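# What the coordinates show
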Amino acid sequence: MAQPPPRTTVAALLVHPDGRCLLHLRDANKSIPSAGRWSLPGGSPEPGESLDAAIARELLEEADLRIPGLARFAVVEHTGPDGRLTGRIQVYAGTWSGDPASVPLTEGIMLRWTDPGQIPWLTMDPMATVVIAHHRTALDVGPSSGPPLPVLRVRAPGARTVANVVGVHLYAERDGRVLLGLRHPDSPYAPSHHHFLAGHCEQESAIACLVREAQEEAGLAIAADDVEFVHAVHVLDAPGTQPRMQLVFRARAWSGEPRVMEPDKCAGWGWWPADALPEPTVAYARAAIDGIRHGRLYTEMGWA
């Protein structure tokens, strides 16, 4: 079933002639977006209501404010942890010089004029932060030439930064055959599958990791100058799991013959035709080899 399009709400950036911005402290301990944070006044359109009418109504209902000359200023797009769009906010800009303490506020805790320089010290709605920062930039560079409106992107409230594991893999080819290892049947990852010589980056560069792993796993000596990047696979094994960025480097030269150095991890090394890989081969390794053969540098798996 198709998902409904993300809804669009409205907000107003009201600026005092002296440069201060009007912030709205939202109610805490409520199931509302940005609860307990400083934000911009605004809300949601009613059914059939235009965005222009919605912002005028919200300002009137929330604070009895009538702001002539409100103009569309920017669009804020919220994205979730997977990068998908979760909502839009049409932001309007206007000027006002009144006393926030004198307005009959019907929603939230309070309104106050705030110097933009104080923003880093406040608990802010990320939307308001990026809008005010863009407004300050627009003042420095001058007005834009017109539509389209700038689109400002922020991670949706509740989204968190997730560290990606970085894996490094050796692509060694000889006479049209690619070096793959058969993983031990008791390996915690991909037992009895064929796979690249590979390892996780520690406190080191990706190429330093590759040089180290080649020596430790197969007794191969590779010089950093003989390595080139050829492919990356960004893998998500399942929703909610830790993403992995799998980097593949080609070794143009090496010394030594591959031998089993870690028998608890690898049962043997072999050279396989790039167009006839053994079964089973780790899926992202197969995808990387196909990408290398066809001149592609990047593949995504598991994100759709």
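See the structure printed just above.
Now for a quick tour of the structure.

About the cut-offs
Residues numbered from 1 in each chain as written. Predicted model: local features only at pLDDT ≥ 70, side-chain atom pairs only at ≥ 80, totals over all residues. Heavy atoms only, no water. Helix = DSSP H or I, 4+ residues; strand = E, 2+ residues; numbered from the N terminus. Contact = heavy atoms within 4.5 Å. Polar contact = N/O pair within 3.5 Å; in protein donor to acceptor, adjacent residues only side chain to side chain. Expected span 1.5 Å × (residues − 1). Buried < 20%, exposed > 50% of the residue type's maximum accessible area, 1.4 Å probe, protein only. Salt bridge = Lys/Arg side-chain N within 4 Å of Asp/Glu carboxyl O. Core = buried A, V, L, I, M, F, W, Y, C linked by side-chain atoms within 4.5 Å. Patch = residues over 30% accessible without salt bridge, like charges linked within 9 Å, V, L, I, M, F, W, Y side chains within 5 Å. Areas by Shrake-Rupley, 256 points an atom, 1.4 Å probe, with all protein chains shown as cover.

This part covers the environment of Arg252. The topology assignment puts Arg252 in the loop between β15 (244-251) and β16 (266-273). Leaving out residues up to four positions away in the same chain, Arg252 has contacts with Asp225, Asp226, Val227 and Glu228. A distance of 2.5 Å separates a polar atom in the side chain of Arg252 from the backbone oxygen of Asp225.

Here we take up helix α3 (residues 206-218). Here α3 is 13 residues long and its end C-alpha atoms lie 18 Å apart, about the 18 Å a rise of 1.5 Å per residue gives. What α3 keeps buried is the set Ala206, Cys209, Leu210, Arg212, Glu213, Ala214, Glu217 and Ala218. Against the buried residues of α3 lie β9 (165-171), β13 (197-200), β14 (227-235), β15 and β16. Gly219 occupies a position one or two residues after α3 and carries a positive phi of about 70°.

Here the focus is the pattern of salt bridges. Enumeration over the complete set of coordinates arrives at 21 salt bridges. Residue Glu202 pairs with Arg212 through a salt bridge whose shortest N-O separation is 3.7 Å. Of this pair, Glu202 sits in the loop between β13 and α3 while Arg212 sits in helix α3, and the two are ten residues apart along the sequence. On the basis of relative accessible area, Glu202 is assigned to the exposed category, the value being 56%. For Arg212, the salt bridge is made with Glu216, and the minimal N-O distance between the two is 3.1 Å. Of the two residues, Arg212 and Glu216 both sit in helix α3, four residues apart, roughly one turn of that helix.

The next subject is helix α1 (residues 51-63). Taking 1.5 Å of rise per residue, the 13 residues of α1 would be expected to cover 18 Å, and the 18 Å separating its terminal C-alpha atoms lies within 8% of that figure. Contact partners of the buried residues in α1: β1 (8-15), β2 (21-25), β4 (42-43), β5 (71-79), β6 (85-95) and β7 (110-114). Among the residues trailing α1, Asp64 stands out with phi positive, at a value near 55°.

Next up on the list: the nonpolar core. Among the nonpolar cores identified, the biggest contains 22 residues, and Leu13, Leu40, Val76 and Val131 are the most heavily contacted of them. Sorting the residues of this core by element identifies β1, β2, β5, β6, α2 (126-141) and β8 (151-155) as the ones contributing at least two each. Per-element accounting of this core gives the leading share, four residues, to α2. In this structure, Val76 is in contact with Gly87, Arg88, Ile89, Val91, Met127, Val131, Leu152 and Val154, ignoring residues within four places of it in sequence. Core analysis: the next-biggest nonpolar cluster, separate from the first, contains 20 residues, Ala172, Leu210, Cys266 and Trp269 among them.

Take a nonpolar patch on the surface next. Where nonpolar side chains cluster on the molecular surface, the patch consists of Phe229, Leu297 and Tyr298 and spans about 300 Å² of accessible area. Mapped onto the elements of the fold, Phe229 is located in strand β14. On the accessibility criterion, Phe229 (38% relative accessible area) is partly exposed.

Quick look at unusual backbone geometry now. Across residues other than glycine, the phi torsion is negative in most instances, and most of the peptide bonds are trans. Pro280 follows Glu279 through a cis peptide bond whose omega is -10°. Within the secondary structure layout, Pro280 lies in the loop between β16 and α4 (283-293). If you check the backbone angles, Ser34 has positive phi at about 55° while not being a glycine. Within the element layout of this structure, Ser34 appears in the loop between β2 and β3 (38-39).

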